[in-house]
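# A closer look at the structure
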Amino acid sequence: TFDFGLFGWDVQSGNLARSMASFGVSITVFPKNKETARGIEGAASLEELVESLKSPRVLVLRAPAGPEQQSTFSAALQLLDPDDSVIDVSDSWFRDTSARARLVSAAQIHFIAVGLGANENGSRPLLMPGGRPDTLQKAGRFFKTLTPAVSLGGGSSGHFIAMVHAAVESAFAEIVREVQNLLQHGLGDGKEFISMPQDRIFDYVRPGVAAPPNSDFSREPVRWTARAATELAIPALTFEAASGARAWKNREALDEPFCQPHGARRTDRESL
């Protein structure tokens, strides 16, 4: 009886589910989550989630990054039938996404790779859909609630664009962090950044602000993007620098002499 099933709940997929539910889309999720909203119910198992869906089924998959991503995907795939649809909204290295797309196609199941991105203008996530136009139309009731059903390209293109989008945001955050660190040491303060408008990217440097969700994983898209740029022979020096940067919470490590090509950083205004 449910329009969609969501397998995998985190900050991004939770925002997606609540946004869809606000448009009258009925959703069942697994694993169950304490955060509930009208139109969202929890399932006791993956099997129960799939069985509760209207036919042809549409399963929205948010698999965790890492080795278990493929096993999670395979478990879900075994429960679906031909002409069902999988909408993959996982954070993924795009070549892994391409491999999953081929696996789904062999089972005659429709596959759509949708990149999810944080939206600085609200809680509703940015959607970057990729896939064949006819496949998008089959899942049109999913897209029409949040975004036009326009494909950004076939195969894994949605995940590729989301990967680069996340890498750009992470690189900006690293630039902000390092400039503020330089101002603090050279000028004695970083008030120029702390007093900036309430742009989410400056949360990295505001005092008393906790680390963003999945902050350790947030550097992964930067590494993937730098890797893709290397394969394409495209210089991406900012991404490469950001992908190897120390965690923002370890900013004091930047004072160590080996981090400075010309010796330890001086703290007087003249040298700055």
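Thresholds, definitions, all that
Residues numbered from 1 in each chain as written. Predicted model: local features only at pLDDT ≥ 70, side-chain atom pairs only at ≥ 80, totals over all residues. Heavy atoms only, no water. Salt bridge = Lys/Arg side-chain N within 4 Å of Asp/Glu carboxyl O. Helix = DSSP H or I, 4+ residues; strand = E, 2+ residues; numbered from the N terminus. Buried < 20%, exposed > 50% of the residue type's maximum accessible area, 1.4 Å probe, protein only. Expected span 1.5 Å × (residues − 1). Phe/Tyr/Trp six-rings, centres within 6.5 Å; stacked < 30°, edge-to-face > 60°. Pairing = 2+ DSSP bridges. Axes fitted to C-alpha atoms, helices over the stretch in contact; angles between N-to-C directions. Contact = heavy atoms within 4.5 Å. 1 Å grid on protein atoms, 1.4 Å probe; cavity = no way out; pocket = protein on both sides within 12 Å on 5 of 7 lines; lining within 4 Å. Points joined across faces, edges and corners; volume = space filled by probe spheres on them. Nonpolar A, V, L, I, M, F, W, Y, C, P; charged D, E, K, R; others polar. pLDDT = per-residue confidence, 0-100.

## Quick notes on the pattern of salt bridges
By the definition in use, this model includes eight salt bridges. Here Arg57 makes a salt bridge to Asp81, at a shortest N to O gap of 3.0 Å. Pair noted here: Arg57 is in the loop between helix H2 (46–51) and strand E4 (58–61) and Asp81 is in the loop between helix H3 (68–77) and strand E5 (85–88), with a separation of 24 residues, a long-range link. Arg57 gets classed as buried once you look at its relative accessible area, which sits at 17%.

## So, helix H4 (residues 94–106)
In a regular helix each residue adds 1.5 Å, so 13 residues correspond to 18 Å; H4 covers 19 Å between its end C-alpha atoms and thus fits that length. Gln108 sits one or two positions beyond H4 and adopts a positive phi of about 60°.

## Describing the packing of aromatic side chains
Under the counting rule described, the total for this entry stands at three aromatic pairs. With a centroid separation of 4.8 Å and an interplanar angle of 65°, the aromatic rings of Trp93 and Phe94 are classed as edge-to-face. With a centroid separation of 4.9 Å and 85° between ring planes, the pair formed by Phe94 and Phe160 is classed as edge-to-face. Here Phe94 is found in helix H4, whereas its partner Phe160 is found in helix H7 (residues 157–187), with 66 residues between them in sequence. What makes Phe94 buried here is its relative accessible area of 11%. Site record: aromatic cluster; members linked through ring pairs are Trp93, Phe94 and Phe160.

## Re the sheet that holds strand E1 (residues 4–7)
Pairing in this open sheet of seven strands is mixed, and the strands run E3-E2-E1-E4-E5-E6-E7 from one edge to the other. Strands at the two margins of the open sheet, each flanked by one partner only, are strand E3 (40–42) and strand E7 (126–130). Across this sheet, the average inter-strand angle for adjacent strands is 25°, counted without regard to direction. Of the strand pairs in this sheet, E1 and strand E2 (residues 27–30) are connected by four bridges, and their pairing is parallel. By the bridge assignment, Leu6 is partnered in E2 with Val29. Across the face of the sheet, helix H1 (residues 11–21) comes into contact with E1, E2, E3, E4, strand E6 (110–117) and E7 while running at roughly 105° to E6.

## Section: helix H9 (residues 220–231)
Spanning 12 residues, H9 covers 17 Å between terminal C-alpha atoms, matching the ideal 16 Å at 1.5 Å per step. Residue Ala233 follows H9 closely and has a positive phi angle near 60°.

## Here we look at empty space enclosed by the protein
All told, the structure shown has two cavities of 30 Å³ or more when counted by the stated rule. Of the pockets and cavities examined, the second largest cavity occupies roughly 40 Å³. Every residue lining the second largest cavity is listed: Phe4, Gly5, Leu6, Ser13, Leu16, Ala17, Met20, Ile27 and Val60. Listing elements by their share of the lining of the second largest cavity, those giving two or more residues are E1 and H1. Sorting elements by how many residues they give to the lining of the second largest cavity places H1 first, with four residues. Here the lining of the second largest cavity is built from residues that sort into seven nonpolar, two polar and no charged.

## Thoughts on the pairing of E7
Of all five residues making up E7, four are buried, and the element is well covered by its neighbours. Bridge analysis of E6 against E7 gives five bridges, and the strand direction is antiparallel. The residue of E7 that forms the bridge with Gly117 is Leu126.

## Let's talk about the confidence of the model for the chain
Low pLDDT marks regions whose predicted coordinates should not be analysed in detail. Per-residue confidence for the chain averages 76 on the pLDDT scale, and 67% of its residues sit at or above 70. Predicted confidence for residues 210–217 stays below pLDDT 50, and this span has nine contacts to residues more than four positions away or in other chains.

## Section: the environment of Ser156
Positionally, Ser156 belongs in the loop between helix H6 (140–143) and H7. On the accessibility criterion, Ser156 (8% relative accessible area) is buried. Placed 56 residues apart in sequence, Ser156 and Arg100 show a C-alpha to C-alpha distance of 9.3 Å.

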